[in-house]
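Results of the structural survey
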Amino acid sequence: MLKGYLKQTDSVLKLIIFTGLILVFFGLFSIISIPLTAWVFGKDLTELMTAMQGANATVDELKFMQVMAQVGMMIVPAALAAYLFSINSFEYLSFRRVKFSSLIIILILTLAATPLINFLLEWNSQLHLPSSLQSVENTIRAMEEQAAKLTEEFLKMNSVSDLIINLLMIGLLPAIGEELIFRGVFQKLFQQATGRLHLSVIITAIIFSAIHMQFLGFIPRFALGVFLGYLLVWTGSIWAPITAHFVNNASAVIFSWMEQHGQLSFNQDTFGTEQGQGWWLAVSVIILIAGCFFIKRTGENIS
């Protein structure tokens, strides 16, 4: 009955409605995740809440709650928005076929971007706020250190099953959820509201980076968001940015696995930025420019 009910609604109002859906379902799933986590892990609800307040919840419990939050904040709102805003939800979210060769090109480009992303991350981390905002900067850096510690705990993998779980939780789920919500819906609505394609890509990339609340990595994540946005523009398929997003996240998981098991001969976090590796940065930029130019030129010919 409600399918396509808001199809003719003004784009700005759709943006407001969609933002409201995100907030409502994020809150709902965040609340539901607590008793559900207690039930799954066989804990008393009070015990779990006490552990969470004291930052003593186990990594597995935190992972489970994060998955619930991701589903609630991203996948469900995007699917519901597509249902309300269009007669064909899959078409609205740009679920169109992409040739395997296209995905291979995107995979290569995403991996080739590693030195450039590391360079931007290092540069971003060295930026400082004015002295009058020193307390704000100290707070931001303290929050990011805490987030880095949690990420480090998430990436500890003692078995193949841990690797698979992280590939699903850190690699696949955010790649699908974040691309549906940002490139699938937000970018489309911003383009309709502003009438400007490039502006919609930039605005979406800004929000994409800001929502991660990691401001010392804002610039590289913004650059990634722009890249993902144009992949959708050039190919017309959401599978293109989903693939790139997954490769970006999954490579971090796989490299961490290899490092922990003594199978990695370089530091993934500084690759391309260490002394004598400047040429890797140059190669990274050249491959990205050439690859993006190729995708833009060929357009639907590779889709």
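Source: prediction; values computed, not measured. (Residues numbered from 1 in each chain as written. Predicted model: local features only at pLDDT ≥ 70, side-chain atom pairs only at ≥ 80, totals over all residues. Heavy atoms only, no water.)

Focus: the environment of Gln 134
Our working definition: Put simply, DSSP marks the helices as runs of H or I at least four residues long and the strands as runs of E at least two long, and each gets a number from the N terminus on.
Along the chain, the position of Gln 134 falls in helix H7 (residues 134-154). For the pair Gln 134 and Ile 32, spaced 102 residues apart in the sequence, the C-alpha separation amounts to 38 Å.

As for the pattern of salt bridges
Definition in use: Here, a salt bridge means any side-chain nitrogen of Lys or Arg that lies within 4 Å of a carboxyl oxygen of Asp or Glu. For every residue, the accessible area (1.4 Å probe, protein chains only) is compared with the maximum for its type, and the residue is labelled buried under 20%, exposed over 50%, or partly exposed between those bounds.
All chains considered together, the criterion is met by five salt bridges. The shortest N-O distance in the salt bridge between Arg 141 and Glu 137 comes to 2.9 Å. Pair noted here: Arg 141 and Glu 137 are both in helix H7, with a separation of four residues, about one helical turn. Given a relative accessible area of 5%, Glu 137 falls into the buried group.

Things to note about the confidence of the model for the protein
Inclusion rule: Per-residue confidence from the predictor is given as pLDDT, running between 0 and 100.
Confidence along the protein averages 90 in pLDDT terms, with 98% of residues attaining 70 or more. Looking at the elements of the protein, mean pLDDT is at its lowest for helix H2 (residues 45-53), recorded as 78, and at its highest for helix H9 (residues 197-210), recorded as 97.

What about the packing of aromatic side chains?
Our working definition: Ring pairs shown here join Phe, Tyr and Trp side chains whose ring centres sit within 6.5 Å, with only the six-membered ring taken for Trp; geometry is labelled stacked below 30 degrees between planes, edge-to-face above 60, and tilted in between. Only when the NZ of Lys or the CZ of Arg is both within 6 Å of the ring centre and within 35 degrees of the ring normal is a charge said to sit over the ring.
Under the defined criterion, the tally for this structure stands at 15 aromatic pairs. On the basis of an interplanar angle of 50° and a centroid distance of 5.1 Å, the ring pair of Phe 271 and Trp 280 is categorised as tilted. Overall, the relative accessible area of 33% leaves Trp 280 in the partly exposed class. For Arg 183, the ring lying beneath its charged end belongs to Phe 208, and the centroid distance is 4.5 Å. Here Lys 188 stacks its cationic end above the ring of Tyr 92, 5.0 Å away from the centre of that ring.

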